[in-house]
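What follows is each chain in one-letter form.
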Amino acid sequence: VAKERGKNNYHFYDSALDQITSRKMELENGLRRALELDELRIFYQPKVQMDTGDILGVEALLRWEHPILGLISPAEFIPIAEETGLIIPIGKWVLRNAIEQSIYWENTGIGTIPVAVNISVRQIKDEDFVVDVKEILEATSFVPSCLELEITESIMQDFNRSTHVLKQLKQLGLNISMDDFGTGYSSLNNLRHLPINSIKIDKSFVDDIINFNGSIVRAIIDMAENMDFNIIAEGVETKEQVKFLLDNSCFTGQGYYFSKPLPAGDLEKYIIQCSSITAG
Ligand code: C2E
Ligand code: MG
Ligand code: MG
Ligand code: MG
């Protein structure tokens with residue numbers, strides 16, 4: 001009996017592990033075909049000038065509409081895309097489609113809406129990346145200054161090479177921002193020499209404004225001012241946070257307080273609604 005129970009226990013653990021592994025394998029296999037099966041969607045979240053309510057641009061955020069498992073978060077599948085190298089074709093697809101969406105908004109009179117696209121360190125390391133971006137800009141005739149690439153502090157691992165790549169990207173005329181700022185390991189000296197335009201304060205610090213105090217947010221804003229970077233707060237959810245940020249000279253924000261990431265059509269409605277409020 002003991003032997004049998006042992007065997008069952010073994011099977012129990014085995015199948016729990018199996019479930020995790022098999023979901024991951026299913027996602028990995030599915031992701032390989034997600035592009036050709038047209039299962040990827042881009043949602044857009046506005047970046048807002050908080051003192052006026054103007055929309056300064058949008059961030060493109062990827063979603064995967066899995067035929068069986070439903071909507072899958074990028075927090076789950078982007079790491080798999082990075083491990084497998086699929087982030088290279090997927091990243092190109094996001095860049096191309098986000099740019100085409102912005103061009104559509106321009107052409108249909110919705111407005112000039114600059115677009116920000118998240119870039120994995122894996123893409124920065126890819127030797128074709130700069131040429132790929134250049135080709136997409138040329139093929140679409142997109143105004144480069146309306147494109148922003150969001151990178152993270154993980155690029156600091158390979159500071160010299162990353163700096164070289166970022167310089168080449170900036171020469172194309174686009175903007176670069178440091179996402180999730182404060183969660184990584186940037187030395188301030190390296191940060192100062194990085195060719196970037198702006199810093200996005202990570203949501204965890206913006207949360208502190210309500211739960212704890214805003215001293216870290218204030219320190220990041222001061223630092224950004226000293227280094228001549230623009231600053232934007234991520235994950236703004238309350239009126240109190242907006243007030244604190246404005247009082248401390250951070251005028252740009254992004255978060256559920258203004259809008260969740262939305263499908264393109266819903267974002268259009270949001271923009272039209274906002275501009276009618278501003279106009280009237
Ligand atoms: P991120 O670039 O830092 O994007 C911000 C995340 O915070 C998004 O999650 C957004 O939906 C969420 N968010 C925004 N405002 C609020 C708020 O007020 N409250 C809360 N609770 N959350 C808020 P999402 O869309 O799940 O994306 C997660 C991460 O996945 C992104 O973080 C980014 O690192 C990555 N990601 C998304 N799309 C792409 C992509 O196309 N390429 C790459 N390489 N990574 C992507
Ligand atoms: Mg981002
Ligand atoms: Mg972020
Ligand atoms: Mg993030």
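This text goes with the structure placed above it.
The structure displayed is predicted, hence computed values, not measured ones.

Just give me the short version of the pairing of strand β5 (residues 147-151), but keep the residues and values in it.
Burial of β5 is extensive: five of the five residues sit out of reach of the surface. Residues Leu147, Leu149 and Ile151 of β5 are buried on one face, and the alternating residues Glu148 and Glu150, pointing to the opposite face, are buried as well. Of the strand pairs in this sheet, β5 and strand β6 (residues 175-181) are connected by four bridges, and their pairing is parallel. Paired with leucine 149 across the bridge in β6 is isoleucine 176. Note on the crossover from β5 through helix α6 (residues 159-171) to β6: the handedness is right-handed.

Describe the layout of surface pockets, and please don't skip the residues or the numbers.
Each pocket or cavity is described by its volume, and for the largest pocket that value is around 910 Å³. Residue lining of the largest pocket: 36 residues in total, with Glu59, Leu61, Pro74, Asn118 and Asp179 positioned closest to the centre. The set of elements that each furnish at least two residues to the lining of the largest pocket consists of β2 (55-66), α2 (74-84), α3 (87-107), β4 (115-118), α4 (121-125) and β6. In this model, the second largest pocket occupies a volume close to 320 Å³. Lining the second largest pocket are 18 residues, and of these Lys47, Leu56, Glu148, Ser198 and Thr252 sit closest to its centre. At the level of elements, β2, β4, β5 and β8 (230-233) are the ones that each hand at least two residues to the lining of the second largest pocket. Looking at the lining of the second largest pocket residue by residue, the class counts come to nine nonpolar, seven polar and two charged.

An account of the pattern of salt bridges is requested, with residue identities and associated values reported.
This structure, assessed with the given rule, holds 15 salt bridges. Close ionic contact of aspartate 207 with lysine 203 constitutes a salt bridge, the shortest N to O distance being 3.0 Å. Here aspartate 207 and its partner lysine 203 are both found in helix α8 (residues 203-211), four residues apart, which amounts to about one turn of the helix. Since its relative accessible area comes to 21%, aspartate 207 is described here as partly exposed. Look at lysine 203 and you get partly exposed, because its relative accessible area is 31%. Each member of the salt-bridge network shares a partner with another, and the members are Lys47, Glu59, Glu148, Glu150 and Lys200.

Reading the values: the criteria
Residues numbered from 1 in each chain as written. Chains lettered and ligands numbered in written order. Predicted model: local features only at pLDDT ≥ 70, side-chain atom pairs only at ≥ 80, totals over all residues. Heavy atoms only, no water. Buried < 20%, exposed > 50% of the residue type's maximum accessible area, 1.4 Å probe, protein only. Helix = DSSP H or I, 4+ residues; strand = E, 2+ residues; numbered from the N terminus. Pairing = 2+ DSSP bridges. Right-handed = clockwise from strand over helix to strand, strands pointing away. 1 Å grid on protein atoms, 1.4 Å probe; cavity = no way out; pocket = protein on both sides within 12 Å on 5 of 7 lines; lining within 4 Å. Points joined across faces, edges and corners; volume = space filled by probe spheres on them. Nonpolar A, V, L, I, M, F, W, Y, C, P; charged D, E, K, R; others polar. Salt bridge = Lys/Arg side-chain N within 4 Å of Asp/Glu carboxyl O.

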